[in-house]
Amino acid sequence: MKTIIQILLIMFLATQLQAQESCTEKLYHANNLYEKGQIAEAIEIAKTCATSVNSATEQWQAYRLLAMAYLVNNQQKDARKSAEKMLELNPTYKPSTLKDPAELISLLESVKIIPKFSMGLAATVGGINTKPIVTGTYNGANYKKNYSSKNSWQLGLMMGYNINEIISLHTGLLATSKSFSIKYKVENFDFEVNERLTYLDVPLFARFSTFPVKKFQFFADAGAYAGRLASAQSDFTFNNSASSEIKSIKNLNAMDRRNKWEYGFLMGGGALYKIGQVNVTLDIRYFLSAYSNNITNTDNRYKNDNLFYNYYYIDDDLRLNTLAVSLSLIYNVNYKVVKGKD
């Protein structure tokens, strides 16, 4: 029984090898017929190799020959279909003036190729601006808090799927640092609070792009995001101008004072520059925190006696809007052909 299986396996492999060699010979013969002007005969032979089970290289060669032959016969629709099949098999193929006829080059350049899936690294350093929005004020004395934003960073991975030439969907995982400071004065005491929050954000948005202008393309983004708080630290400092006394707390864990989730909407736009299979993207996004999104854990607002009695501090109800300017390197994993209408 084992011997029979081995014989059958050898016969199958021999048949496949023979078929491959046969198609190689067919394409050689078909190319000779094409050169001699026997176009119809060349087309019939090339068709058998294009539609049969062969290697991708042989199929590509068959479709290339078909595209050239159909162009000679002025069969434009058939020529275009063959050119599209060529580029489906090898979407990054660049026509050569040494090897390809001018008519074929023109046809291939008219076929639109767009990325299908893409992924890459998005980085922002010093380009994150956090804007605190106070929705409820709570003070430990009669004073007014003055909020100001501080620059921080964003880093993450982004992925995209192109539905067509204009619309694509994007998501990813972003580590986003949000920093702000609070200053207030009570009698002779000057207080300053610096807070640093780091979130793991998942954005989901649609991108609406213009048609390419050479290697440039412009776009607008719209969608939503949700994030989980990963770390929260606060620095508290007071300076008594009358006695020159200075007191501070550094890197105080603020996780218990903050809600763990954030969510909201995002919008933005930017420009893209193509370098081979890599796109360099400069984009501006505004992360608009939902109105119901309060970063303060109201259950723990009054639980830290040290902050209340020594720094007269109580957390306000607060939302954080963020403006991010980022530079991304996006690699196009694969491509798809935008087929013409039949």
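Residues numbered from 1 in each chain as written. Predicted model: local features only at pLDDT ≥ 70, side-chain atom pairs only at ≥ 80, totals over all residues. Heavy atoms only, no water.

Asks: What is the right way to look at empty space enclosed by the protein in this model?
Replies: Sizing a probe to match a water molecule and rolling it over the atoms shows the empty space that remains. The tally for this structure, following the rule as stated, stands at 1 cavity of 30 Å³ or more. Volume-wise, the largest cavity comes out at about 80 Å³. What lines the largest cavity is simply Arg257, Asn300, Arg301, Tyr302, Lys303, Asn304, Leu307, Phe308, Tyr313, Ile314 and Asp315. For the lining of the largest cavity, the residue count by class is 5 nonpolar, 2 polar and 4 charged. (1 Å grid on protein atoms, 1.4 Å probe; cavity = no way out; pocket = protein on both sides within 12 Å on 5 of 7 lines; lining within 4 Å. Points joined across faces, edges and corners; volume = space filled by probe spheres on them. Nonpolar A, V, L, I, M, F, W, Y, C, P; charged D, E, K, R; others polar.)

Asks: It is not clear to me how the packing of aromatic side chains should be interpreted in this structure. Could you clarify?
Replies: Two measures describe an aromatic ring pair: the distance that separates the ring centres and the angle between the ring planes. For the structure shown, the criterion picks out 16 aromatic pairs. With a centroid separation of 5.4 Å and an interplanar angle of 80 degrees, the aromatic rings of Phe189 and Phe238 are classed as edge-to-face. You can see Phe189 sitting in strand β5 (residues 189-209) and its partner Phe238 sitting in strand β6 (residues 216-240), a full 49 residues away along the chain. On the basis of relative accessibility, which here comes to 6%, the residue Phe238 falls in the buried class. (Phe/Tyr/Trp six-rings, centres within 6.5 Å; stacked < 30°, edge-to-face > 60°. Helix = DSSP H or I, 4+ residues; strand = E, 2+ residues; numbered from the N terminus. Buried < 20%, exposed > 50% of the residue type's maximum accessible area, 1.4 Å probe, protein only.)

Asks: For this particular structure, what's the right way to read helix α3 (residues 56-72)?
Replies: Residues spaced three or four apart along an α-helix face the same direction, because each turn holds 3.6 residues. In this model α3 runs 24 Å from its N-terminal to its C-terminal C-alpha over 17 residues, within 8% of the 24 Å that 1.5 Å per residue would give. One or two steps after α3, the chain reaches Asn74, where phi turns positive at roughly 65 degrees. (Expected span 1.5 Å × (residues − 1).)

Asks: Would you take a moment to explain the pairing of strand β4 (residues 167-186) for this structure?
Replies: Two faces make up the sheet, and in a regular strand the side chains alternate between them. β4 sits mainly inside the fold: 14 of its 20 residues count as buried. Joining the antiparallel neighbours strand β3 (residues 146-162) and β4 is a turn of 4 residues. As paired elements, β4 and β5 share 18 bridges and run antiparallel to each other. Counted as the bridge partner of Ser181 is Asn194 from β5. Hairpin connection from β4 to β5: 2 residues lie between these consecutive antiparallel strands, with Glu187 at a positive phi of about 55 degrees. (Pairing = 2+ DSSP bridges.)

Asks: Please clarify how unusual backbone geometry should be interpreted in this entry.
Replies: With the exception of glycine, most residues fall at negative phi, and the peptide bonds are largely trans. Located in the positive-phi region is Glu187, a residue other than glycine, with phi close to 55 degrees. The topology assignment puts Glu187 in the loop between β4 and β5. A relative accessible area of 69% means that Glu187 is categorised as exposed. A positive phi is found at Lys214, a non-glycine position, where the angle reads about 60 degrees. For Lys214, the location among the structural elements is in the loop between β5 and β6. Of the residues examined, Lys214 reaches a relative accessible area of 80% and is grouped as exposed.

Asks: How should the side chain of Ser209 be read in this particular structure?
Replies: Tracing the sequence through the fold places Ser209 in strand β5. Its relative accessible area of 14% is what places Ser209 among the buried residues. Discounting residues that sit within four places of it in the chain, Ser209 has contacts with Glu165, Ile166, Gln217, Phe218 and Phe219. (Contact = heavy atoms within 4.5 Å.)

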